[in-house]
Structure formats: structure tokens, C-alpha cells
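One letter stands for each residue in the lines below.
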Amino acid sequence: MAIEIRIPTILRSYTDGAKSVEGSGDTLADVIADLDSRHGGLQERLVDDSGLRRFVNVYLNDEDVRFLGGLSAPVRDGDTITVLPAVAGGGL
Amino acid sequence: MRYDSLLDSLGRTPLVGLPRLSPAPTARLWAKLEDRNPTGSVKDRAAFFMVSEAEKDGRLKPGSTLLEPTSGNTGISLAMVAKLRGYRLICVMPENTSAERRQLLEMYGAQIIYSPAAGGSNEAVRVARRLAEENPAWVMLYQYGNEANSLAHYETTGPELLEDLPSITHFVAGLGTTGTLMGTGRYLRERVPGVQIVAAEPRYGELVYGLRNIDEGFVPELYDESVLTSRFSVSSGDALRRTRELLDLEGLFAGISSGAALHAALALAGKAAAAGQRADVAVMIADGGWRYLSTGAYAGTLEEAEARLEGQLWA
């Protein structure tokens, strides 16, 4: 088993149009680095010097990784990572 | 209970137990019924506070025109307050919001300017900002960055919850402007050691995330990550399923974002029950189901309802 990463429309130019790709690693940072080795440029769209980019949200099994340790959040085989752009949400 | 006027009846909403959904007698869920506010949603609190503060600081004068980006509930609340206080209201609303909201806004006398469905509320914010620049006399209260929005919850929702549920361990609400979570969260954190403040964020279909560039993303100015303990992304399918469970098991006819909040609340209460810990989880019911009937969310099977909801803003 691997880790499934769901890619938002806006970043699918890096994954040849694929909605989801597979990756591996022990932390979120590892998984992103692993993805970047096959989908060059993706890492830079997600991460800057301070960590996850401001308008990028990453969810590990539906929970925001910023509350799970950010880039050092531990991940396991079978986990699902969802990447979404930050948008004005609901209840408005 | 008697009030001098509709606006005076704002807040003091009931907190009702959800005994059938609660996972254990020691891990209980409580629903804060915000649909019992004057126009039927939690947004009445923010609208009233934002208008009152703007009147106090002189930004609003008799006859002023208000401008606000909104997917509906805030618009309806503002339209009611504006009508009673003598202001004109222009709402910038994504075109993929429900028909009920549009009709209500028009009944209240608000003018609606539509923004494209693609990009959702981001696009509404962008259009409203442009209009505000072009029309400097208009007053944009701007719910995403107006401190009076979170103040409303610091001064009303938070104290109400603590009074009704002194044993509160978790507060769960939908994440939009973030005003509810920021205000209530700060109030509770100052008074309840270890209380968890949890956001349930709607996860929409792809259309809503149709940005041209990821740097066009949007984080409300009110948002302060340090107030939250966790944040969950809830799919339309999970939100719909929980919305129906609320009705099936507890008789509560709630809007879809309440289903999203319940989904997160059930996970937390279940975790506490499994660990043998006591939990009193308060869940915000932001509005009733009435405003979403035309979306088809309450008709047919879950799968059918989920398909119909694709591309619509349900919170």
C-alpha cells in the first residue's frame, strides 16, 4: 500500500492531468519530496521557506495538517492526503 | 418570552441535547439552534453587531448604502437589519447559491449583483472589492475582516454556551468567515481549560476551487489559527448524510453545513467515548434546512442528492 495524494484541478498540470497520484514517506515533507521527484515543480507550488504556502491547505485523512505538525506530520501507508487551495468557505 | 422588537429577540438560542446521536451517556452532543434567530441563521448576530459598531463609529449614517459579498445568510441578516435601520443594501452573491436566498433578499429589498460561479465566494469578494473602490460612498462592512463579526460571538454565543453547558469540552462549528469560531473560541479558551475548538470546513466540488492561480487563494483576515485545536474538511456526501441523520434520529431539520459540523463532532465524541473520557460537545446548527430545499439535498437517495449538490455552495 502507498499513500494517495489528491491533486486540485489547478495543480494537475504537474501530474499530467491526474486527479490523484501515489507517494511514499514517513512525514508529509517526505511525501511531497517524493512526489516532486516524479512531478517536478510540485514541491515549489506547495511549500516555501516558511513551510506550507499560505493559500495551500493540506488535509491528512480530512484533518488539516497544520494542526498535526505541518510538514513534519507523520503519515502511514493507506493514508489519504488532499491538497486544496484556500478559498472563501461557507456559512456566509 | 416577550421582546420590544424583532431585533431585540436576537440570540439566547436554545441548546438541545442529541441523545440518540451521542455515542455514550458520558460523551454527549448538544446542538445550538441558531435557526431560532430573527431571520433564521447564526449570521443575524454578526450582522447586528457589524451594523451597530459602524453606526457607533460614524461610518453608517441614515440613508447609507451597504455593500457586502455573501453567499446568502449574511446578506439576508443584513437586509433585515438594513430595512429596520433605514439603509440600502447591495449584495454580491455567487450565481450558484440557492433560489430561496435570492428570493428572500429581493423580498427584503436588497439589490443583488451576481459574481461567476467558478471561484465561488472568492470571486464575490473580488467583485465587491472592485465595486467598493468604484463607489467610495458605499459602506462595505466586510464580514471576513470585520472584528465586530467575531466580537458578536465573543459577547453573545460564547457566554450563552458556557452558561447552558458549564461542562463543555468541545465546540464545533462550520468555518466560513471564521467569525463564529474565533469569537466563541476565544471566549471559551479564556474560561475553560483544555476546551477544544474545532472547525468543520465544507469541501466542495471542483468548480468552486476554480482559481486561475493558487496565489489567488483566500484566507479571511479574521482567521487566527491559534484559536483552533483542529480543522476538518468535510465532503458534501458526509455533510448530507449527517444532515439526514439529524432529522431521522433527532427530528432536527438543519442546513447542510450543520451536517458537516455534526460529522466532525461525532468523530470527536466517538474518540472520547472509546478512550473512556467524558465529553460535552456543542455543535453549531447555523441555519435550518428550509433555505436548501431547492438544492435537492433532502429528496431521493443520498447519492442523488450528492450529485445534485455538485457545484453548488451549500454553506
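Residues numbered from 1 in each chain as written. Chains lettered and ligands numbered in written order. Predicted model: local features only at pLDDT ≥ 70, side-chain atom pairs only at ≥ 80, totals over all residues.

## Describing unusual backbone geometry
Going by this rule: Only DSSP runs of H or I reaching four residues or more are called helices, and only runs of E reaching two or more are called strands; each is numbered from the N terminus. Exposure in this text rests on C-beta crowding, where 20 or more other C-beta atoms within 10 Å of a residue's own make it buried, 12 or fewer make it exposed, and counts in between make it partly exposed. The C-beta atoms are placed from the backbone.
Positioned with a positive phi, Asp-62 of chain A is a non-glycine residue whose angle comes to about 75°. With respect to the element layout, Asp-62 of chain A can be found in the loop between strand E5 (56–60) and strand E6 (63–64). A count of 19 C-beta atoms within 10 Å places Asp-62 of chain A in the partly exposed class. In this structure, Arg-12 of chain B is a non-glycine residue whose phi angle is positive, near 50°. Among the secondary structure elements, Arg-12 of chain B is positioned in the segment before strand E1 (15–17).

## Concerning the sheet that holds strand E4 (residues 88–94) of chain B
Residues and elements named next belong to chain B. Quick note on the threshold: The pairing criterion for strands is at least two bridges between them, as found by DSSP. We call two residues in contact if the C-beta atoms placed from their backbones are at most 7 Å apart. Axes here mean lines fitted to C-alpha atoms, for a helix over just the part in contact, with angles spanning 0 to 180 degrees between N-to-C directions.
Spatially, four strands are ordered E5-E4-E3-E6 in an open sheet, and the strand pairing comes out parallel. In this open sheet, the two strands that pair with only one neighbour each are strand E5 (111–115) and strand E6 (139–140). Strands in contact with helix H2 (residues 73–85) are strand E3 (65–69) and E4; relative to E4, the strand with the most contacts, it is inclined by about 175°.

## Regarding the packing of helix H7 (residues 236–250) of chain B against helix H8 (residues 256–274) of chain B
Residue and element names in this part refer to chain B. Using the following cut-off: An angle counts as roughly parallel when it lies under 35 degrees, as roughly antiparallel when it exceeds 145, as roughly perpendicular when it falls between 65 and 115, and as oblique in every other case. Residue polarity follows a fixed list, in which Ala, Val, Leu, Ile, Met, Phe, Trp, Tyr, Cys and Pro are nonpolar, Asp, Glu, Lys and Arg are charged, and the others, Gly among them, are polar.
The geometry of H7 relative to H8 is characterised by a closest axis approach of 7 Å and an angle of 95° between their N-to-C directions. By the angle between their axes, H7 is roughly perpendicular relative to H8. Taken together, the residues of H8 that come into contact with H7 (itself represented by Asp-238, Ala-239, Leu-240, Arg-242, Thr-243 and Leu-246) are Ile-256, Ser-258, Gly-259, Ala-260, Leu-262 and His-263. Taken together, the residues of the contact of H7 with H8 break down into six nonpolar, four polar and two charged.

## Some points on the domain arrangement of chain B
Residue and element names in this part refer to chain B. Convention followed: An automatic or database domain assignment supplies the residue ranges for each domain.
Assigned domains of chain B: these are domain 1 (7–36 + 157–304) and domain 2 (43–140). One C-alpha centre belongs to domain 1, the other to domain 2; they are set 24 Å apart. Contacts between domain 1 and domain 2 engage 19 residues on the former and 17 residues on the latter. Looking at the side of domain 1 that touches domain 2 residue by residue, the class counts come to 10 nonpolar, six polar and three charged.

## Quick word on the pairing of strand E2 (residues 27–33) of chain B
Successive residues of a regular strand alternate their side chains across the two faces of the sheet. Residue and element names in this part refer to chain B. When you tally the buried positions in E2, you get six out of seven residues, the bulk of the element. Across three bridges, E1 lies against E2 in antiparallel orientation. Directly across from Gly-17, in E2, lies its bridge partner Trp-30. Relative to strand E10 (residues 279–285), E2 runs parallel, the two sharing seven bridges. Paired with Leu-33 across the bridge in E10 is Ile-285.

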